[in-house]
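Summary of the model geometry
Read off the chains here:
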Amino acid sequence: YALAGRVPARPGRRGDEMYILDGRSGEHDWKGLVDVQSMPAVLNPVDAQGHSFLVSANSDIVDYRDYPHYLGQLFVPGFRKQAIHEQLNELLSKDGTISISELILPNLSFRDILAEEYVKFFKAQGPPKIDSVAASKRDVVLKLYEALVQFDGVMHEASAGAAIFTGMKISLRRRLLRAGLQTSDMTLSEDSQALLYGAGFFKKLRMINYLKQNFLNVLRILQRGNKSWWLRMAGGVEQLLLDAYVEVADIMTAACGANPAAWRYGEVHHACFVHAFNSKLGASRGTFLDAPPFEIGGSSESPNQVGVVFEPFEAGDEPYAAVGAFASARFLFDCGDWDSCRSLIPTGQSGNYQSEHYLDQLELFKSNKTKAMAWSRNAVVAATKHVMHLRPAKQSLSGRLFRVVRQVLMLAVAFLVLQNLEIILSFIFRPSFFLSDEEDEHDHGDGM
């Protein structure tokens, strides 16, 4: 592995590049580029189990405790990386090899290690005290808790625990953020609140949608208990959890009924591949240019990453609609046998919605399958269904005469322009073309 891009050597405090900086002093100017020899690179790394492979998964690729150069900080937490690493080690433990059919498995994994850590915390806190909860909701809240603490962390569309966990992490983060902002001395403008929570122009830019690492920070705040200022502002651990349990119970009951054991994540988590022009043309979500919505599992922290909208984008969206980022394109490469490579693009090979290849791989995506990739000439010929021939058009005699006449006329116009260039330029640059009426020296008086 070698990081191929060039990286600027930035002075100043790490992280400052995320803000608008004063460019006048030169204090923040780049100091050249990081030397190529100093860029991250590794050859045949071997892990503690003696296996050799590389995993990135959008996580950090260096340890800043011993790497001297700054590569930025927009890395996601390492939960996806850890899940893939552990699964690859499990696959390699048999005979030290992985087949192309096994290589797809980490791509399909819905394991969420962050969810596993949350469940440990919820278990340690014990059942919620429901004395203050309306009598009609108490049974649902307790059953919700039981389903949550039995959750194994696999974000499958059939899982009740996956739905409850998704609701809990979203509710906890929103409640902590709002409690802290409302009780601090800082007063947010309406635009700032809209950017945080999503409204009007900021509907699809809402900040809390994209600060994914906040879910990890929320867990850290919870683990600190009432030592955390954020938790004290939200009423303490016990009250915050109870409020979130009741909120999720209300949302899920409205969507799936009053029996938490029968809830399904997929009922409130539909994937929808949205075309940029669809809504602009007046079509509703999931119709016309959009792919039809379908149930899906996954989270932002599972290897098979599926985005979650933390507050519905549009009226009618299910509570936790999956219209955020997807790990949707799948490619499996076998460098020893290129014709055994596999791929998948769920929205299809063609961008023309009238083509038979528009959305034609969606069913493969939904069933966790891939298609063969033809690499060698023999494989390409064997897989060919249509051939397009590009040849110069054969023109009739009249067509050829038209081309000759057109070229002669163009030459004649060009000749006339050159012969009268001085007159044309003097006409174009007359002062009256650029002066106002008051300044025009060719003005013919007030009567004109």
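Rules used in this analysis
- Residues numbered from 1 in each chain as written.
- Predicted model: local features only at pLDDT ≥ 70, side-chain atom pairs only at ≥ 80, totals over all residues.
- Heavy atoms only, no water.
- Helix = DSSP H or I, 4+ residues; strand = E, 2+ residues; numbered from the N terminus.
- Contact = heavy atoms within 4.5 Å.
- Expected span 1.5 Å × (residues − 1).
- Buried < 20%, exposed > 50% of the residue type's maximum accessible area, 1.4 Å probe, protein only.
- Patch = residues over 30% accessible without salt bridge, like charges linked within 9 Å, V, L, I, M, F, W, Y side chains within 5 Å.
- Areas by Shrake-Rupley, 256 points an atom, 1.4 Å probe, with all protein chains shown as cover.
- Salt bridge = Lys/Arg side-chain N within 4 Å of Asp/Glu carboxyl O.
- Axes fitted to C-alpha atoms, helices over the stretch in contact; angles between N-to-C directions.
- Parallel < 35°, antiparallel > 145°, perpendicular 65-115°, else oblique.
- Left-handed = near helix turned anticlockwise from the far one by under 90°.
- Nonpolar A, V, L, I, M, F, W, Y, C, P; charged D, E, K, R; others polar.

1. Points about the environment of Pro260
When you line up the elements, Pro260 lands in the loop between helix 11 (237-256) and helix 12 (265-268). Residues Pro260 and Asp139, spaced 121 residues apart in sequence, show a C-alpha to C-alpha distance of 9.9 Å. Residues within four places of Pro260 in sequence aside, it is in contact with Val140, Lys143, Leu144 and Ala160.

2. Some words on helix 5 (residues 135-149)
With 15 residues, helix 5 extends 22 Å between its outermost C-alpha atoms, agreeing within 8% with the 21 Å of an ideal straight helix rising 1.5 Å per residue. For helix 5, the complete set of buried residues consists of Val140, Val141, Leu144, Tyr145, Ala147, Leu148 and Val149.

3. Some words on a nonpolar patch on the surface
Residues Tyr1, Val42, Leu54 and Ile61 make up a contiguous nonpolar surface patch of roughly 340 Å² in combined accessible area. As for its position among the elements, Leu54 is in the segment before helix 1 (79-92).

4. Observations regarding the pattern of salt bridges
All chains considered together, the criterion is met by 13 salt bridges. One salt bridge in this structure joins Glu86 and Arg111, with 2.6 Å as the shortest N-O distance. Note that Glu86 is positioned in helix 1 and Arg111 in the loop between helix 3 (105-108) and helix 4 (113-125), a separation of 25 residues in sequence. Exposure remark for Arg111: the relative accessible area of 24% places this residue in the partly exposed category. A single salt-bridge network, built from bridges that share partners, covers Glu86, Arg111 and Glu116.

5. Quick word on the packing of helix 4 against helix 11
The interhelical angle for the contact between helix 4 and helix 11, taken along N-to-C directions, is 115°, at an axis separation of 12 Å. When the axis of helix 4 is compared with that of helix 11, the two are roughly perpendicular. In the crossing of helix 4 with helix 11, the sense of the turn from one axis to the other is left-handed. Each of Phe121, Phe122 and Gln125 in helix 4 lies in contact with helix 11, whose residues at this interface are Val237, Leu241 and Tyr245. Classifying every residue of the contact of helix 4 with helix 11 gives five nonpolar, one polar and no charged.

6. Considerations on unusual backbone geometry
Even without a glycine there, the phi angle at Phe288 is positive, about 55°. With respect to the element layout, Phe288 can be found in the loop between strand 1 (270-271) and strand 2 (294-295). You can call Phe288 partly exposed: its relative accessible area is 45%. Positive phi, close to 60°, is recorded for Asn368, a residue that is not glycine. Positionally, Asn368 belongs in the loop between helix 13 (362-366) and strand 5 (371-372). Since its relative accessible area comes to 40%, Asn368 is described here as partly exposed.

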